[in-house]
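Breakdown of the fold
In case you want the letters, here they are:
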Amino acid sequence: MDFKIDEQGSVTSTPGFRAAGVAAGFKRSGAPDYALVLSEEPANFAGVFTSCRFAAAPVLLDRKRVLEQPFAQAVSINSGNANACTGETGLRNAERTCELVGAALGLAPELVLVCSTGRIGTQMPMAVLEKGVKLAAAALSPEGGADAARAIMTTDTVPKHAALRLELGGRTVTLGAMTKGAGMIDPRLTTPHATMLCTVTTDAKISNELLQSMLEANAEESFNRITVDGDMSTNDTVLVLANGRSGVELTAGSPESEQFRLALLALMRNLARRMVMDGEGATKFVTVRVEHARSERDARLCAEAVANSLLCKTAWFGGDPNWGRVVAALGYSGAEFVPEKTDIYYDALPVVLRGGDAGTPEPELCTIVGQREFTVRIDLHDGDADYWVWTSDVSYEYVKINADYHT
């Protein structure tokens, strides 16, 4: 379905949600660095999280909430400190954050979720956090979504937020969202058993179980299909809160439920695409699409190998159509395929046919890879499975950003 997405919308486009973004002091620059999102009533909720074994304290806390709590009502998000690899102290600080937010908003601590992004391995400056909570609680507003999106940025160059509305059962349902992430981006989000963070709000009435199943399925088709640098974060988190204010109740298997899932997917894909477009130092947006593989696993291995290849990514930055780097990545991907059957295209132009040079003049290929966006399509002619990934190039600016990140 084709949904119209409002990229000026935000988490507070959804009725019954307020938000704020303030400068607490996590960032030396003085830029906004603490955000708060509040549902005016307890909301059903779901979450997916990083599969990194060094999961940050907020991830550990939120996973527990998703498994044990029926409702959530607030999300606390700071940038400038990841609260990752901080041990028991870090976990206590995450729990203390819930207590501080709860006290400021008159909520039980169990209704508060926590997200953090920034430097790994340093303890959370709790005095700064407490200041942020007080400032944000006082500033909460139905128009505060854009401020919240700005406050969660780290190396992002632009805030990323959006909303959409759809008609279900004769009534309007709204979804609003914000995300951040420009580097350390290669999520592998899982159900609860530098960084990308995403918060979604909706006024649909939906059970935690159904919302969780939708979020898991949609994460596989959106955030799990993007990579900037092949590095998974300790803090990756996507949360969805549903306050039910629209009165539209969704049930498993209904047409309305599937429409809602597709709308949620459209919103998640819009934000995922914008994360790659804003990748650290990125000058290119590249779709890597693998077709006719023996299995989805083989297709995924091929697509991710090409999308994460430093040699491919630096060639794309330079506008170099060097297809030898693509076939090398395919060759070491671990996928099962027949090289002599393989065709590769840059947009519509053949680059490799039946495993060898297609003979397309190099200036024509240079024109393709010189574009801001293009597609590398790989046809293995070996089955019915396919897979796609969105990725970016690697530029001088990417190296500079990450060489100077701590200093």
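We now turn to the structure provided with this report. (Residues numbered from 1 in each chain as written. Predicted model: local features only at pLDDT ≥ 70, side-chain atom pairs only at ≥ 80, totals over all residues. Heavy atoms only, no water.)

Description of the overall build of the protein
Regarding its fold elements, the protein presents eleven helices and 15 strands. Computed over C-alpha atoms, the radius of gyration of the protein comes to 22 Å, within 12% of the 22 Å expected from 2.2 N^0.38 for 407 residues, which places it in the range of a compact globule. Projecting the C-alpha coordinates of the protein onto the three principal axes gives extents of approximately 70 × 55 × 35 Å. Relative to its 407 residues, the protein shows a buried fraction of 58%. Element-wise, carbon and sulfur atoms account for 51% of the exposed surface of the protein, whose accessible area totals about 15,800 Å². In the protein, 38 side chains carry a positive charge and 51 a negative one; their mean positions are 5 Å apart. (Helix = DSSP H or I, 4+ residues; strand = E, 2+ residues; numbered from the N terminus. Rg over C-alpha atoms; globule rule 2.2 N^0.38 Å. Buried < 20%, exposed > 50% of the residue type's maximum accessible area, 1.4 Å probe, protein only. Areas by Shrake-Rupley, 256 points an atom, 1.4 Å probe, with all protein chains shown as cover. Lys, Arg positive; Asp, Glu negative; His and termini not counted. Charge placed at Lys NZ, Arg CZ, Asp CG, Glu CD.)

Details of the layout of surface pockets
Looking at the second largest pocket, its volume works out to about 200 Å³. Contributing to the lining of the second largest pocket are Leu-60, Leu-61, Lys-64, Arg-65, Glu-68, Gln-69, Leu-91, Glu-95, Cys-98, Glu-99, Pro-109 and Glu-110. Those elements giving two or more residues to the lining of the second largest pocket turn out to be helix H1 (57-68) and helix H2 (87-105). Sorting elements by how many residues they give to the lining of the second largest pocket places H1 first, with five residues. (1 Å grid on protein atoms, 1.4 Å probe; cavity = no way out; pocket = protein on both sides within 12 Å on 5 of 7 lines; lining within 4 Å. Points joined across faces, edges and corners; volume = space filled by probe spheres on them.)

Observations concerning the nonpolar core
Counting 40 residues, the largest nonpolar core has Leu-164, Leu-166, Leu-175, Ile-206, Phe-223, Leu-250 and Phe-260 as the members making the most contacts within it. Breaking this core down by element, the ones donating at least two residues are strand S2 (34-49), strand S5 (160-168), strand S6 (171-180), strand S7 (197-202), helix H5 (208-220), strand S9 (237-242), helix H6 (255-277) and strand S15 (385-392). Broken down by element, this core gets its largest block of residues, ten residues, from H6. Residues in contact with Leu-166, not counting those within four places in the same chain, are Phe-3, Arg-171, Thr-172, Val-173, Leu-175, Gln-259, Phe-260 and Ala-263. Counting residues in each nonpolar core, the second largest holds 32 residues, with Leu-330, Leu-365, Ala-385 and Tyr-387 among its members. (Core = buried A, V, L, I, M, F, W, Y, C linked by side-chain atoms within 4.5 Å. Contact = heavy atoms within 4.5 Å.)

With respect to unusual backbone geometry
Within the chain, Asn-83 stands out as a residue other than glycine whose phi angle is a positive 50°. Mapped onto the secondary structure, Asn-83 falls in the loop between strand S3 (72-81) and H2. We classify Asn-83 as buried; its relative accessible area is 2%. The residue His-292 is not glycine, and still its phi comes out positive at about 55°. Following the sequence through the fold, His-292 ends up in strand S10 (residues 285-293). We classify His-292 as partly exposed; its relative accessible area is 35%.

Concerning the sheet that holds strand S11 (residues 343-346)
Taken in spatial order, the seven strands of this open sheet run S8-S15-S10-S14-S11-S12-S13, and their pairing is mixed. Pairing within the sheet leaves two strands with one partner each, and these edge strands are strand S8 (226-227) and strand S13 (356-357). Pairing of S8 with S15, which is carried by two bridges, proceeds in the parallel orientation. Across the sheet, residue Ile-226 finds its bridge partner in S15, namely Trp-390. Docked against the sheet, helix H9 (residues 324-332) engages S11, strand S12 (349-353) and strand S14 (373-379), running at close to 135° with respect to S11. (Pairing = 2+ DSSP bridges. Axes fitted to C-alpha atoms, helices over the stretch in contact; angles between N-to-C directions.)

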